[in-house]
Amino acid sequence: MRLPEALADTVVVEWATTSMEAIAGQDYDAGRGRVRIPPGETQAIIVVLTMDDTEQEDDEIFKVKLLNTPSEVEAFGTITDNDEAIDTSTAEDTPKPVPFVFTEAVADQVYTAEAAIRPLVLPAASGGIPPMTYKVVGLPAGLTFDPTTRTIAGMPIAATDGAVSVLYYVTDSGDEMDTLIFTITVNPPLSFGDLFGAGKG
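Let me sum up the structure you'll find in this document. (Residues numbered from 1 in each chain as written. Predicted model: local features only at pLDDT ≥ 70, side-chain atom pairs only at ≥ 80, totals over all residues. Heavy atoms only, no water.)

1. Focus: the nonpolar core
Rules: Among buried residues, the Ala, Val, Leu, Ile, Met, Phe, Trp, Tyr and Cys ones that are joined through side-chain atoms within 4.5 Å form a nonpolar core. Accessibility here uses a 1.4 Å probe with only protein chains present; expressed as a share of the type maximum, an area under 20% marks a residue as buried, one over 50% as exposed, and anything in between as partly exposed. Numbering goes from the N terminus for both helices and strands, where a helix is a DSSP run of H or I of at least four residues and a strand is a run of E of at least two. Any pair of residues with heavy atoms lying within 4.5 Å of one another is described as a contacting pair.
Counting 22 residues, the largest nonpolar core has L122, L139, F145, I152, Y168, F182 and I184 as the members making the most contacts within it. When residues of this core are traced back to their parent elements, those giving at least two are β9 (133-137), β10 (143-146), β12 (164-171) and β13 (177-187). Sorting elements by how many residues they give to this core places β13 first, with four residues. Residue contacts for F182: discarding those within four places in its chain leaves V106, A107, D108, Q109, L122, I152, V164, S165, V166 and Y168. Formed by 13 residues, the second largest nonpolar core is a distinct cluster that contains V11, A22, Y28 and V64.

As structure tokens, then:
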């Protein structure tokens, strides 16, 4: 999703997938959710997970609709077939390529506003064609991501309205991509009474 220009406030948009040539539950996982575009940003990524099979097929299209916009907004995603005919005479002798994927998940995080977090090192992807490019979208204000060390650090500025979805993704030099999604919850800052038990007899 892309805005025509950056806004001063966070934009929250609801979205949902619609089947076309690609069928939900057969070619991709039906999705519905909300995406946040932070202040000063113009775009956000909506992730729709595809379902793999072993059949050779034509490329297939599905639709993503934005639900709470003044006018109907649609986008289209293309699922490209990755299955090829196998020559069984040489298949056993051909080494299998290492899949370009994240092999580790990222646990959901809970932080406290106005308190520095313990640096969080995100996992590296396996396979792929170097160099790799790592990015994070949706971090609460005050947190930063260093793509060289794959580390989230900093101090959250304010509490979040519940858990916030964060997208972590990697692309290789062949434009292949894999993604991980986890959440960050920032609780309100601790008061003096919270720290020292004020009011207890």
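More follows now that the structure is in view.
2. Description of the sheet that holds strand β11 (residues 151-154)
Just so we agree on the cut-off: Strands pair, by our definition, only if DSSP identifies at least two bridges between them.
Spatially, three strands are ordered β7-β11-β10 in an open sheet, and the strand pairing comes out antiparallel. Two strands in the sheet have a free side with no partner beyond their single neighbour: β7 (120-121) and β10. Summarising the sheet, β10 and β11 pair through four bridges and their orientation is antiparallel. Bridge assignment links L143 to a residue of β11, and that residue is G154.

3. Some points on the environment of A163
With respect to the helices and strands, the residue A163 is situated in the loop between β11 and β12. Note on A163: relative accessible area 51%, which makes it exposed. Separated by 54 residues in sequence, A163 and Q109 have C-alpha atoms that sit 8.8 Å apart. Excluding residues that lie within four positions of it along the chain, A163 makes contacts with T183, I184 and T185.

4. Considering the sheet that holds β12
Condition: Under this scheme, a helix contributes an axis fitted over its contacting stretch, all axes are lines through C-alpha atoms, and angles between N-to-C directions fall in the 0 to 180 degree range.
The strand order across the open sheet formed by four strands is β6-β13-β12-β9, and the pairing between neighbours is mixed. Here the strands that pair on one side only, and so sit at the sheet edges, are β6 (109-112) and β9. With direction set aside, neighbouring strand axes in the sheet form an average angle of 25°. In this sheet, β13 lies alongside β12 in antiparallel orientation, the contact comprising eight bridges. For V166, the partnering residue across the bridge sits in β13 and is F182.

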